[in-house]
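The lines below spell out each chain.
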Amino acid sequence: MTTLNLLQRGFSMAYSEAGRGLPLLLIHGYPLNRRMWAPQLLGLADIARLLAPDLRGHGESQAVPGPYNMDMFADDLAAFLDALGIRQKIVLCGLSMGGYIAFAFYRKYAARLAGLILTATRAAADTPQARLARDQSAELARQQGVNVIVDAMLPKLVAPATSKNCPELVEQARQMMAASSLEAILGDLVALKERPDSIPTLSEIHLPTLLLPGADDQIIPLQEAQALHAAIHGSVLKVIPDAGHLPNLENPAAFNAAVRIFLNRLKPAEEP
Ligand code: MLT
């Protein structure tokens, strides 16, 4: 783990890195952290430079108070790339909230992107009911602490088969979520609730785009990825079997194989 002080952004960002070549920036979901990308850092370092930061407030990045928003996260990531001196185009891979951030990044920094990988995510904004649920979660977290959020999310986070067959993975996810600061949870809940509708962005995306939903996602149903596929020109949809909301962790072999094919097709165009 390395820490970068993002002075203009007002916090220090922790990140993990592996490999060389085309930068692949991995953006975790809510309320997780960069450790969720361990199987990608292990399995893809021979073909890309993997960069997995902890978003502000998360993991080992500084626990700055919220509220957060998706543009703010996108600006943090652009500052992170600047601090690393990365001028070449990157591939951005976002899981769930990381996907919402990827849409914001695309709107602000499309010129920095060579491709997008969107996993376990959706384009639509929260419904009024979902917005209310965010407020209720924030209230509960304030009163009872982070674990109340963890207990509510954990049963839905992975596919039923993963819960049954891989208790150690469920425990790993629980520990990752439980390590979140209250600042991160509250900051994220505002960002999630207030996030804009990204459906109008989809038809404007003119980049190689890979969609990797988990077949048994209980948080964001498969139809959401099918809608992304229909709306993003030329996108490739690969449903990850035996996986729920964390396809990269639940079925890393299938996930990494799909990313590898995608990157190998991109690389000739991106290499000098
Ligand atoms: C996530 O995994 O980032 C969240 O489930 C996203 C959401 O709640 O909309």
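Since the structure is predicted, the reported quantities are computational estimates derived from the model, not experimental observations.

## Considerations on the overall build of the chain
So, step 1. On a plain count of helices and strands, the chain comes out with twelve helices and eight strands.
So, step 2. Computed over its C-alpha atoms, the radius of gyration of the chain comes to 17 Å, within 12% of the 19 Å expected for a compact globule of 272 residues.
So, step 3. Counting every position in the chain, which comprises 272 residues, the buried fraction comes to 55%.
So, step 4. Taking contacts inside the chain between residues at least 6 apart in sequence as the whole, the part at least 24 apart equals 78%.
So, step 5. Accessible surface, the chain as shown: approximately 11200 Å² in total, 54% of it carbon and sulfur.
So, step 6. Across the chain, the mean location of the 24 positive side-chain charges is 4 Å away from that of the 26 negative side-chain charges.

## A short note on the site of the ligand
So, step 1. In the region of the ligand, the neighbouring residues are Gly29, Tyr30, Ser96, Met97, Tyr100, Arg134, Met153, Ile219 and His245.
So, step 2. The contact in question runs from an oxygen atom of the ligand to an N or O atom on the side chain of Ser96, over 2.9 Å.
So, step 3. Within the backbone of Met97, a nitrogen or oxygen atom sits 2.8 Å from an oxygen atom of the ligand.
So, step 4. When the ligand is considered free in solution it has 270 Å² of accessible area, and contact with the protein chains removes 95% of it.
So, step 5. Residue composition of the shell around the ligand, grouped by class: five nonpolar, three polar and one charged.

## A short note on the nonpolar core
So, step 1. Counting 94 residues, the largest nonpolar core has Leu24, Phe80 and Leu263 as its most contacted members.
So, step 2. At eight residues, the largest contribution of residues to this core is made by helix H3 (residues 97-109).
So, step 3. Not counting residues up to four positions away in its chain, the partners in contact with Leu24 are Ala48, Arg49, Leu50, Leu51, Val91, Cys93, Ile117, Val259 and Leu263.

## What about unusual backbone geometry?
So, step 1. The step from Tyr30 to Pro31 runs through a cis peptide bond, and the omega angle for that step is -15°.
So, step 2. In this structure, Pro31 sits in the loop between strand S3 (23-27) and helix H1 (38-43).
So, step 3. The omega torsion across Gly66 and Pro67 is 0°, close enough to zero to call that bond cis.
So, step 4. By secondary structure assignment, the location of Pro67 is in the loop between strand S4 (49-53) and helix H2 (70-83).
So, step 5. Of note in this structure, Ser96 is not a glycine but carries a positive phi near 55°.
So, step 6. Position of Ser96 among the secondary structure elements: in the loop between strand S5 (90-95) and H3.
So, step 7. According to the relative accessible area criterion, Ser96 is buried, its value standing at 8%.
So, step 8. Phi at Ala120 takes a positive value of approximately 50°, unusual for a residue other than glycine.
So, step 9. Positionally, Ala120 belongs in the loop between strand S6 (113-119) and helix H4 (128-144).
So, step 10. The exposure class of Ala120 is buried, given its relative accessible area of 4%.

What counts, and where the lines are drawn
Residue positions are counted from 1 within each chain, in the order its sequence is given. It should be noted that, the model being predicted, local features are given only for residues of pLDDT at least 70 and side-chain atom pairs only at 80 or more, the latter also being counted only at that level, while totals for whole chains, interfaces and linings use all residues. Calculation of side-chain values draws on the structure's entire complement of heavy atoms; hydrogens and water are dropped beforehand. Each helix is a run of H or I in the DSSP string that is no shorter than four residues. Each strand is a run of E no shorter than two, and both are numbered from the N terminus. The globule rule is 2.2 Å times the number of residues to the power 0.38, and the radius of gyration it is compared with is taken over C-alpha atoms. Here's how the labels work: a residue is buried when its accessible area is under 20% of the maximum for its type, exposed when over 50%, partly exposed in between, all with a 1.4 Å probe on protein chains only. Residues count as neighbours in contact if any of their non-hydrogen atoms are within 4.5 Å of one another. Using a 1.4 Å probe, accessible areas were evaluated by the Shrake-Rupley method; residue-level cover was limited to the displayed protein chains. Charged-residue counts in this description rest on Lys and Arg as positive and Asp and Glu as negative, His and the chain ends being excluded. Positions of charges follow a simple convention, taking NZ of Lys, CZ of Arg, CG of Asp or CD of Glu. Near residues are defined by distance, with any heavy atom within 4 Å of the molecule or strand qualifying the residue. Pairs of N or O atoms are called polar contacts if they sit within 3.5 Å, as long as, within protein, a hydrogen donor faces a hydrogen acceptor (for residues adjacent in sequence, only side-chain-to-side-chain pairs). Residue type decides the class: Asp, Glu, Lys and Arg count as charged, Ala, Val, Leu, Ile, Met, Phe, Trp, Tyr, Cys and Pro as nonpolar, and the leftover types, Gly among them, as polar. Joining through side-chain atoms within 4.5 Å is the link that ties buried Ala, Val, Leu, Ile, Met, Phe, Trp, Tyr and Cys residues into a set, and such a set is a nonpolar core.

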